[in-house]
Amino acid sequence: MKKILFSYVQPAMVAAILVFWAFVPKAWVENAGTLTIGIALTTLFVLGLEWLNERHASWRLTKKEFFTDLFYMVLSMTVIAWVTARLAEEPLIAAKHALGITTEWAMHLPFVVQVVLVVFLVEFGQYWMHRLMHNYTPFWLTHAPHHHITQLNAMKGAVGNPIELFLISLSVVALFDLPLNALFCAFHILSVVSTFAHANTRCDPPRWYALFFTTIRNHSLHHSVGYEETRCNYANSLILLDRVFGTYRDGEAELVGQDERRRLSILEQMLFPFQSMIAKIRAGRGYA
Ligand SMILES: [Zn+2]
Ligand SMILES: [Zn+2]
């Protein structure tokens, strides 16, 4: 009974988020804080589930992990969100207006179709960016800090070098005319799926759900120790893309990390892509 109940938590949350944003009052949608509060609440809920039904004792949240992850959650919702809006979304919207691109038709689609469209557009971009990061060294150096995490929990999806967090947030969604509640609904669904895909919970969803959405089972395999083992299951939330593009691999891992499971400090995560540059400067000055 407990197993069945926990297996339906993820699809039930996706459905609840869909219903919430479909009927949310207009004033709430116009308040930028609503999505942030929504994401914070769903993350707290999943942290509660970890406490109720954990997957691995070795992933149990410690104070050190909690405060590191909280730092990244705040960073993502403030600095990264601001930089993405200024450097990517606003120029894209300006180009859209300058070129006279209109997608008025998208405003008239049913709400669920609008949400599915945004989920697909975001995930399609993320899938290829993530795959590039695992196949081209300069991009891997920005993404590797996310793979140096040595345990998984509900907030770990937010952990990464800021350059990677910016690159992975790029999408073409701004080119489409869509209502705000559909956009926020899609972002909230992507967030909750990714939260569960990193969470230390034993809430294995039904097979039909795992056919479309990324789960902790498949995403933990992506966090395997050893670089070659990580080159599968790239989709952050829509595992269907891995199935379509031939990068899906079944299985799961408990031991996660890179570089003999060395845990990086926040400073090391920030400086990771510049390691060789720093080493060269030090060598030049005779420090090395
Ligand atoms: Zn990866
Ligand atoms: Zn991950």
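As a reminder, the structure under discussion sits directly above these lines.
This report concerns the structure included in the present document. (Residues numbered from 1 in each chain as written. Chains lettered and ligands numbered in written order. Predicted model: local features only at pLDDT ≥ 70, side-chain atom pairs only at ≥ 80, totals over all residues. Heavy atoms only, no water.)

**A short note on the coordination of the zinc ion (ligand 1)**
- Binding of the zinc ion (ligand 1) to the protein goes through H130 (NE2), H134 (NE2), H143 (NE2), H147 (NE2) and H222 (NE2), at separations of 2.0 to 2.2 Å.
- As a motif over one chain, the donors of the zinc ion (ligand 1) read H-x3-H-x8-H-x3-H-x74-H. Residue H130 is found in helix 7 (residues 111-133), and its partner H147 is found in helix 8 (residues 137-147); the two are separated by 17 residues along the sequence. Each of the two residues, H130 as well as H147, counts as buried. (Donors = N, O, S within 2.8 Å, 3.2 Å for Na, K, Ca; no water. Helix = DSSP H or I, 4+ residues; strand = E, 2+ residues; numbered from the N terminus. Buried < 20%, exposed > 50% of the residue type's maximum accessible area, 1.4 Å probe, protein only.)

**As for the pattern of salt bridges**
- For the structure on display, the rule yields 14 salt bridges.
- Across the salt bridge formed by D69 and K156, the nearest N and O atoms sit 2.7 Å from each other. With D69 in helix 5 (residues 63-98) and K156 in the loop between helix 8 and helix 9 (162-168), this pair connects stretches of sequence that are 87 residues apart. The same class applies to D69 and to K156, which are both buried.
- Salt-bridge contacts for R217 lead to E252; the nearest nitrogen and oxygen are separated by 3.5 Å. On the criterion of sequence distance, the pair formed by R217 in helix 12 (residues 216-222) and E252 in the loop between helix 13 (240-245) and helix 14 (266-271) is long-range, its members being 35 residues apart.
- Several salt bridges converge on common partners, so that one network encompasses R55, D204, R217, D250 and E252. (Salt bridge = Lys/Arg side-chain N within 4 Å of Asp/Glu carboxyl O.)

**Overview of the coordination of the zinc ion (ligand 2)**
- The coordination sphere of the zinc ion (ligand 2) contains the protein donors H146 (NE2), H198 (NE2), H219 (NE2) and H223 (NE2), at a distance range of 2.1 Å.
- If you look at the zinc ion (ligand 2), its four donor atoms make angles of 87 to 160° with each other, and the shape they trace is irregular.
- Between the donor residues of the zinc ion (ligand 2), the gaps in sequence give the motif H-x51-H-x20-H-x3-H. Taken as a pair, H198 in helix 10 (residues 180-198) and H223 in the loop between helix 12 and helix 13 lie far apart in primary sequence, 25 residues in all. (Tetrahedral: all angles 85-135°; square planar, octahedral: opposite > 155°, others 65-115°.)

**As for the packing of aromatic side chains**
- Taken as a whole and judged by the stated rule, the model has 16 aromatic pairs.
- Seen from their ring centres, F20 and W21 are 5.2 Å apart, and the 85° between their planes marks the pair as edge-to-face.
- Taken together, a centroid distance of 6.3 Å and an interplanar angle of 75° make the contact between W208 and Y209 edge-to-face.
- On the accessibility criterion, W208 (49% relative accessible area) is partly exposed. (Phe/Tyr/Trp six-rings, centres within 6.5 Å; stacked < 30°, edge-to-face > 60°.)

**Some words on helix 4 (residues 33-52)**
- In this model, helix 4 (20 residues) spans 29 Å end to end at C-alpha, consistent with the 28 Å of a helix rising 1.5 Å per residue.
- Residues T34, L35, G38, I39, T42, T43, V46, L47, L49 and E50 constitute the buried set of helix 4.
- Looking at the buried positions of helix 4, the neighbouring elements they touch are helix 1 (2-7), helix 2 (9-23), helix 3 (26-30), helix 5 and helix 10. (Expected span 1.5 Å × (residues − 1). Contact = heavy atoms within 4.5 Å.)

**What about the side chain of Q269?**
- Checked against the element boundaries, Q269 lands in helix 14.
- Since its relative accessible area comes to 4%, Q269 is described here as buried.
- Here Q269 is in contact with Y72, P145, V159, N161 and L264, once residues within four sequence places are set aside.

**Let's talk about the nonpolar core**
- Membership of the largest hydrophobic core comes to 56 residues, with the highest contact counts inside it found for W21 and V115.
- Taken together, the elements giving at least two residues each to this core come down to helix 2, helix 4, helix 5, helix 7 and helix 10.
- Considering every element that reaches this core, the biggest residue donor is helix 10, with 10 residues.
- If near-sequence neighbours (up to four positions away) are discounted, V115 is found in contact with L18, A182, C185, A186 and I189. (Core = buried A, V, L, I, M, F, W, Y, C linked by side-chain atoms within 4.5 Å.)

**Notes on the packing of helix 2 against helix 10**
- Where helix 2 meets helix 10, the closest approach of the two axes is 9 Å, and the angle between their N-to-C directions is 165°. As far as their axial angle goes, helix 10 and helix 2 are roughly antiparallel. Where helix 2 crosses over helix 10, the handedness of that crossing is right-handed. Residue-level contacts link V9, Q10, M13, V14, I17, L18, W21 and A22 of helix 2 to N181, F184, C185, H188, I189, V192, V193 and F196 of helix 10. (Axes fitted to C-alpha atoms, helices over the stretch in contact; angles between N-to-C directions. Parallel < 35°, antiparallel > 145°, perpendicular 65-115°, else oblique. Left-handed = near helix turned anticlockwise from the far one by under 90°.)

**Quick look at the packing of helix 7 against helix 8**
- For the pair helix 7 and helix 8, the least separation of the axes is 8 Å and the interaxial angle reads 100°. Of the possible angle classes, the one that applies to helix 7 and helix 8 is roughly perpendicular. From helix 7, M129, H130, L132 and M133 reach across to helix 8, where they touch F139, W140, T142, H143 and H147.
- Looking at the contact of helix 7 with helix 8, its residues break down into five nonpolar, four polar and no charged. (Nonpolar A, V, L, I, M, F, W, Y, C, P; charged D, E, K, R; others polar.)

**Digging into the side chain of E65**
- Among the secondary structure elements, E65 is positioned in helix 5.
- Within the local environment of E65, its side chain forms a polar contact with the side chain of K156, the two groups lying 2.7 Å apart.
- Aside from chain neighbours lying at most four places away, what touches E65 is T150, Q151, K156 and R263. (Polar contact = N/O pair within 3.5 Å; in protein donor to acceptor, adjacent residues only side chain to side chain.)

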